[in-house]
Amino acid sequence: MKSLGIDIGSSSIKIVEVQNTSKGFQVSQFFEHQLRTNTNASDQDLEVIEYLRDFCAKYDAASTRFIIGLRQDRVAIRNKFFPFNDRIKISKSLPFELEEDLPFSSDNAIFDAKIIRTMGGGAEVLACAAPKHHVQTCLQRAQDAGIEPFLISAEGTAFANVFERWNDAPPAFASPAPLFDDVEKPVRHVQLILNIGHTRTLVSAFEGHSLIGVRSLLWGGKNIAEAIAKKYEIPYHEALKELKTKAFILTNKQGATFDQVTFSETIGKSVREMARDLQLSILEFKSEFNARIDSIGLTGGTSQIQNLGP
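Residues numbered from 1 in each chain as written. Predicted model: local features only at pLDDT ≥ 70, side-chain atom pairs only at ≥ 80, totals over all residues. Heavy atoms only, no water.

Colleague: Tell me about the side chain of Glu155, residues and numbers included.
Modeller: Structurally, Glu155 is set in helix H4 (residues 155-159). Of note is the side chain of Glu155, whose polar atom sits 3.2 Å from the side chain of Arg200. (Helix = DSSP H or I, 4+ residues; strand = E, 2+ residues; numbered from the N terminus. Polar contact = N/O pair within 3.5 Å; in protein donor to acceptor, adjacent residues only side chain to side chain.)

Structure, rendered in structure tokens:
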């Protein structure tokens, strides 16, 4: 049995082929198709459908599972504790439990939950909700491309499979979590992973090998390309090419030319916009989990900018 994981981004389509073997699972192939950047939304939708139709026609639908990702900014994820750990009972409780936390009506949403860990008879879960029309749009696009999805996965929880021991059962602890606000929460050691894409940055918080929180920042490589295009008065697609091939941030301006400093500062100014949003997410994680951020990792196309980490 083969599985195709399909990630439809704003600048490219990425597809991973995974095979189920006697020894487990193996990534066998990876594909990426760059989308045209100088087209409107409807033309890009047609390009996506045509590419997926031609690509997926090479696979036997009877022996292939198609998995499609739903963008994180279209899925609300909340960390919740339930005084029980039965999956069916948790699923039935989600609409009521999330009703006051959602920026949209729970009557028009689809719910799911992922158990992070069990604590006594209770469970800490990532509760997910997506508006039905976003799921319907995803299903319609798949149908237009001749695909019947086996699974639609939220971007954040799917990305976490790279880091989690997803074949193992959730960690189990004997003592339940404290249920009272006046009880000081224990410090939780958290690692953040930033997946920096073309238009958005996915911020995933991990405690050990477990995903405990997800945020989506409306910032990506597109913001830098637009800053370069404005600064040097060049077309956007040329600025995007400069970003992909030459982008850097100077950590020391000594010995650098005026042009190098100007280029670095143009990129750095845009990156600082993301840093401010990231700081807000860090404060939220600290407040919600009493978290200590031990490290921050970078991945995604835009993360390849030289000296972006510093």
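Colleague: Run through helix H2 (residues 87-98), naming residues and quoting values.
Modeller: Taking 1.5 Å per residue as the helical rise, H2 with its 12 residues ought to reach 16 Å, and the 16 Å between its terminal C-alpha atoms agrees with that figure. Of all the positions in H2, only Ile90, Leu94 and Leu98 are classed as buried. Taken end-on, H2 shows its buried residues confined to a sector of 65 degrees, consistent with a single buried face. Relative to its buried face, H2 has exposed residues pointing more than 90 degrees away, namely Ile88, Lys92 and Phe96. (Expected span 1.5 Å × (residues − 1). Buried < 20%, exposed > 50% of the residue type's maximum accessible area, 1.4 Å probe, protein only. Arc of directions from axis to C-beta.)

Colleague: Can you tell me about the sheet that holds strand E13 (residues 291-299), naming the residues and giving the values?
Modeller: Strand order across the open sheet formed by 4 strands is E12-E11-E10-E13, with mixed pairing between neighbours. Pairing within the sheet leaves two strands with one partner each, and these edge strands are strand E12 (210-217) and E13. Direction aside, the axes of adjacent strands within the sheet are offset by 20 degrees on average. Inspection of the sheet shows strand E11 (residues 201-207) paired to E12 by 7 bridges, in the antiparallel sense. By the bridge assignment for E12, Leu202 is matched with Ser216. Against the sheet, helix H7 (residues 258-289) engages strand E10 (188-196), E11, E12 and E13, with an angle of about 145 degrees to E12. (Pairing = 2+ DSSP bridges. Axes fitted to C-alpha atoms, helices over the stretch in contact; angles between N-to-C directions. Contact = heavy atoms within 4.5 Å.)

Colleague: Pulling in residues and values, what's your account of the packing of helix H5 (residues 221-232) against helix H6 (residues 236-246)?
Modeller: Interhelical geometry of H5 versus H6 gives an angle of 115 degrees and a closest axis separation of 8 Å. Considering how the two elements wind past one another, H5 and H6 form a crossing that is right-handed. Facing H5, whose interface residues are Gly221, Lys222, Ile224, Ala225, Glu226, Ile228 and Ala229, H6 presents Tyr236, Ala239, Leu240 and Leu243. When its residues are assigned to classes, the contact of H5 with H6 shows 8 nonpolar, 1 polar and 2 charged. (Left-handed = near helix turned anticlockwise from the far one by under 90°. Nonpolar A, V, L, I, M, F, W, Y, C, P; charged D, E, K, R; others polar.)

Colleague: Kindly report on the pairing of strand E6 (residues 109-119), identifying the contributing residues and their values.
Modeller: Pairing of E6 with strand E7 (residues 122-131) involves 10 bridges; the strand directions are antiparallel. Counted as the bridge partner of Ala113 is Ala127 from E7. In textbook terms, the turn of a hairpin is the stretch between consecutive antiparallel strands, and for E6 and E7 this stretch comprises 2 residues, one of which, Gly120, has a positive phi near 65 degrees. In this sheet, strand E9 (residues 172-173) lies alongside E6 in parallel orientation, the contact comprising 2 bridges. Across the sheet, the residue bridging to Met119 is Phe173, located in E9.

Colleague: Which residues make up a positive patch on the surface, and what values do they have?
Modeller: Where like charges cluster on the molecular surface, the positive patch consists of Lys230, Lys231, Lys269, Arg272 and Arg276. Sorting the residues of the positive patch by element identifies H5 and H7 as the ones contributing at least two each. Top contributing element to the positive patch by residue count: H7, with 3 residues. Within the element layout of this structure, Arg276 appears in helix H7. (Patch = residues over 30% accessible without salt bridge, like charges linked within 9 Å, V, L, I, M, F, W, Y side chains within 5 Å. Areas by Shrake-Rupley, 256 points an atom, 1.4 Å probe, with all protein chains shown as cover. Salt bridge = Lys/Arg side-chain N within 4 Å of Asp/Glu carboxyl O. Lys, Arg positive; Asp, Glu negative; His and termini not counted. Charge placed at Lys NZ, Arg CZ, Asp CG, Glu CD.)

Colleague: Talk me through unusual backbone geometry; I want residue IDs and the actual numbers.
Modeller: Even without glycine at this site, Glu233 takes up a positive phi of about 55 degrees. Assignment of secondary structure puts Glu233 in the loop between H5 and H6. Taking the relative accessible area as the measure of exposure, Glu233 reaches 72% and is therefore exposed. Of note in this structure, Asn307 is not a glycine but carries a positive phi near 70 degrees. For Asn307, the position within the fold is in the segment after E13. Take Asn307: its relative accessible area is 29%, and that puts it in the partly exposed class.

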